[in-house]
Amino acid sequence: MIQFGTGGWRAVIGDEFTKENIQLLAKALSNKMKDEEVEEKGMVIGYDRRFLSKEAMQWAGRVFAAEGIKTYLINRSSPTPLIMFYVMKHEFPYGMMVTASHNPAIYNGIKVFTEGGRDADEFQTKALEEYISHVKKEDVREMEYEEALKNGMIVEINPLNEYLDNIISAVDMKAIRDRGLKVALDPMYGVSETSLKTILLTARCEVETIHDRHDTLFGGKLPAPSAHTLRALQNHVIDKRCDIGIATDGDADRIGVIDDTGRFLHPNDILVLLYYYLVKYKGWHGPVVRNIATTHMLDKVAERFGEKCYEVPVGFKYISAKMQETDAVIGGESSGGLTVRGHIKGKDGIYAASLLVEMIAVTGKKLSEIAKEIETECGSIYMEERDYKFNQEKKEQIYQILMLDKELPELNFDIDKISYLDGCKVYFKNGGWIIARFSGTEPLLRIFCEMPNPEDAKQLCNLYEEFLKLK
Ligand SMILES: O=P(O)(O)OC[C@H]1O[C@H](O)[C@H](O)[C@@H](O)[C@@H]1O
């Protein structure tokens, strides 16, 4: 059964990620496009470096072609944001990307984009699931790849330069060039290598790359930038005395950063740094949007500059919708994705990375210095983050306790309010909070807690762990 979660459809290769399901999805989307009378505009599909990604793109393309929908296939593995950009720029009604983003190597999946290059929202993915449920295996037709190429129903394209030039024109390349920065790059065996390196080299940065070969097993690690997965990058930054270390996840929509001192910067820190930079140093005005499990430091920075911070459920589709509604400067999530006003409607690790490098160049300060400056001006708060695996039975128990019976452990802090918008989030009067929610992309329960004091954040997580019997 094809079901869309927080970040598209993801499934284990050979289990549900099969040619049959991929083509069912393509057929269902063709039907939807025809019902909406947008099939004339065609379809665009890209793929990442995962096992079967390129084949999956072609399998899907052959179905669209058989349905008479002209399909543009990107002829090299690409970052997800490139597809989003292309859908937006060339006004496609839909686009698709074959990727399971940061999931383990045994997964693959498909992200669907809608008009304007947005992540398909819940309404759209539900509708698509409905279409899928009506497609029978025998309804699926496919055209031979070579034939489709010959008759022009499939066109292979390479929009890399167009995408890169768009970023290059939005970033202060001259400022970067004048500084002669040294950047360590870790594409985590994924797709950012060429794109990000090209931008950095164009800005005359010295680039030291690791983990750039094509490895569908991602070196045995998760292609998700975290303190744990970026140890090698950390060493590289220190050994080579780099100004910054940048990592991107499997499909380059998220980033992870190591600062000049070798410290891992949490995606929360990156968001805070960039919002602060854009408002303070570039003089931008406007609010910031974050998800419910992202740092409230953003609220503090917003307050400091007389701006607002908006909270939405987890999922970039909510971030981009709110950004549009409020004309926000920046929006992002603690999972590592962000975008900036005027850029694409989805998260873009390549653009975020370029902007961070610009920040170092324009301010003339080290990342660690800017972080200190923010702490002095806006204060600080500490986050503790935990993930727990569960089986179906355990999931039901936790759901019953937290979401249906609405029980909580005994908390020693005054509660301001409780939200059940996405999982259960308790807001404390001292500015701290704790959330427990089920991931929409992995079989995990996530607990995030932020408190003025790190010990309190740890203790609260321990308390939840005991209360929900998670160990
Ligand atoms: O916590 P989860 O539901 O697993 O979601 C974590 C992240 O997954 C994907 O990358 C989505 O695109 C993001 O919007 C989301 O923040």
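Values in this document were obtained by computation on a predicted structure and should not be read as measured data. (Residues numbered from 1 in each chain as written. Predicted model: local features only at pLDDT ≥ 70, side-chain atom pairs only at ≥ 80, totals over all residues. Heavy atoms only, no water.)

1. Section: the overall build of the protein chain
The helix and strand tally for the protein chain stands at 16 helices and 22 strands. In terms of overall size, the protein chain behaves like a compact globule, its C-alpha atoms giving a radius of gyration of 22 Å where 471 residues would be expected to give roughly 23 Å. Projecting the C-alpha coordinates of the protein chain onto the three principal axes gives extents of approximately 65 × 60 × 40 Å. Residue pairs at least 24 apart in sequence account for 68% of intrachain contacts in the protein chain once pairs closer than 6 positions are excluded. Carbon and sulfur atoms provide 46% of the accessible area of the protein chain, an area that totals close to 19300 Å². Both charge centroids of the protein chain, one from 60 positive and one from 73 negative side chains, sit 3 Å from each other. (Helix = DSSP H or I, 4+ residues; strand = E, 2+ residues; numbered from the N terminus. Rg over C-alpha atoms; globule rule 2.2 N^0.38 Å. Contact = heavy atoms within 4.5 Å. Areas by Shrake-Rupley, 256 points an atom, 1.4 Å probe, with all protein chains shown as cover. Lys, Arg positive; Asp, Glu negative; His and termini not counted. Charge placed at Lys NZ, Arg CZ, Asp CG, Glu CD.)

2. Digging into helix H9 (residues 231–239)
Residues of H9 that are buried include every one of Leu-233, Gln-234, His-236 and Val-237, and no others. Buried residues of H9, seen end-on, are gathered within an arc of 165° and therefore sit on one face of the element. Summarising the contacts, the buried residues of H9 are in contact with strand E9 (182–186), strand E10 (206–209), strand E11 (244–248), strand E12 (255–258) and strand E13 (264–265). The positive-phi residue at the C-terminal boundary of H9 is Arg-241, with phi of around 50°. (Buried < 20%, exposed > 50% of the residue type's maximum accessible area, 1.4 Å probe, protein only. Arc of directions from axis to C-beta.)

3. Some words on the state of the cysteines
Counting across every chain of the model gives zero disulfides. Summary of cysteine pairing: Cys-205 is not part of a disulfide, and the nearest cysteine sulfur, belonging to Cys-242, is at 10 Å. Just so you know, Cys-424 is unpaired, no disulfide at all, and the nearest cysteine sulfur is the one on Cys-449, 12 Å from it. (Disulfide = S-S within 2.5 Å.)

4. Details of the site of the ligand
Residues in close proximity to the ligand total 16 residues, the closest being Glu-333, Ser-439, Gly-440, Thr-441 and Arg-446. Measuring from an oxygen atom of the ligand, one finds a side-chain N or O atom of Glu-333 at 2.5 Å. At 2.6 Å from an oxygen atom of the ligand is found a main-chain nitrogen or oxygen belonging to Gly-440. Residue composition of the shell around the ligand, by class: two nonpolar, eight polar and six charged. (Near = heavy atom within 4 Å. Polar contact = N/O pair within 3.5 Å; in protein donor to acceptor, adjacent residues only side chain to side chain. Nonpolar A, V, L, I, M, F, W, Y, C, P; charged D, E, K, R; others polar.)

5. Overview of the UniProt feature "domain: Alpha-D-phosphohexomutase C-terminal" (unreviewed entry) in the protein chain
Those residues carrying the UniProt feature "domain: Alpha-D-phosphohexomutase C-terminal" (unreviewed entry) are residues 425–461 in this numbering. Regarding residues 425–461, the helix share stands at 22% and the strand share at 49%, and the terminal C-alpha atoms are separated by 13 Å. (UniProt positions renumbered as here; feature names shortened; annotations may be inferred.)

6. Here we look at the domain arrangement of the protein chain
Where interface size is quoted, it is often the accessible area lost as the parts come together. What the domain assignment lists for the protein chain is domain 1 (4–158), domain 2 (163–378) and domain 3 (382–467). Counting residues at the interface gives 14 residues for domain 2 and 13 residues for domain 3. Roughly 990 Å² is buried in total at the junction of domain 2 and domain 3, and carbon and sulfur atoms are behind 55% of that figure. In terms of surface lost to domain 3, no three residues of domain 2 exceed Ile-292, Ala-293 and His-296, which account for 48% of the buried area on that side. Of the charged contacts, one joins Glu-311 and Lys-425 as a salt bridge, the two residues approaching to 2.8 Å between their closest N and O atoms. (Domains from an automatic or database assignment. Buried area = accessible area lost by both parts, 1.4 Å probe. Salt bridge = Lys/Arg side-chain N within 4 Å of Asp/Glu carboxyl O.)

7. A word on the packing of helix H6 (residues 160–170) against helix H8 (residues 192–202)
Running from N to C, H6 and H8 point in directions that differ by 45°, and their axes come no closer than 10 Å. In terms of orientation, H6 and H8 fall into the oblique class. By crossing handedness, the relation of H6 to H8 is classed as right-handed. Listed contacts from H8 to Leu-160, Leu-164, Ile-167 and Ile-168 of H6 are Thr-194, Ser-195, Thr-198, Ile-199 and Thr-202. Residue classes in the contact of H6 with H8 are distributed as five nonpolar, four polar and no charged. (Axes fitted to C-alpha atoms, helices over the stretch in contact; angles between N-to-C directions. Parallel < 35°, antiparallel > 145°, perpendicular 65-115°, else oblique. Left-handed = near helix turned anticlockwise from the far one by under 90°.)

8. Describing the sheet that holds E9
Taken together, five strands build an open sheet; the order of strands is E10-E9-E11-E12-E13 and the sheet is mixed. With one partner strand each, in any of the chains shown, E10 and E13 form the two edges of the open sheet. Where E12 meets E13, two bridges bridge the pair, whose relative direction is antiparallel. When the sheet's bridge partners are listed, Val-257 is paired in E13 with Leu-265. Together, E9, E10 and E11 form the strand contacts of H8, whose direction differs from that of E10 by roughly 160°. (Pairing = 2+ DSSP bridges.)

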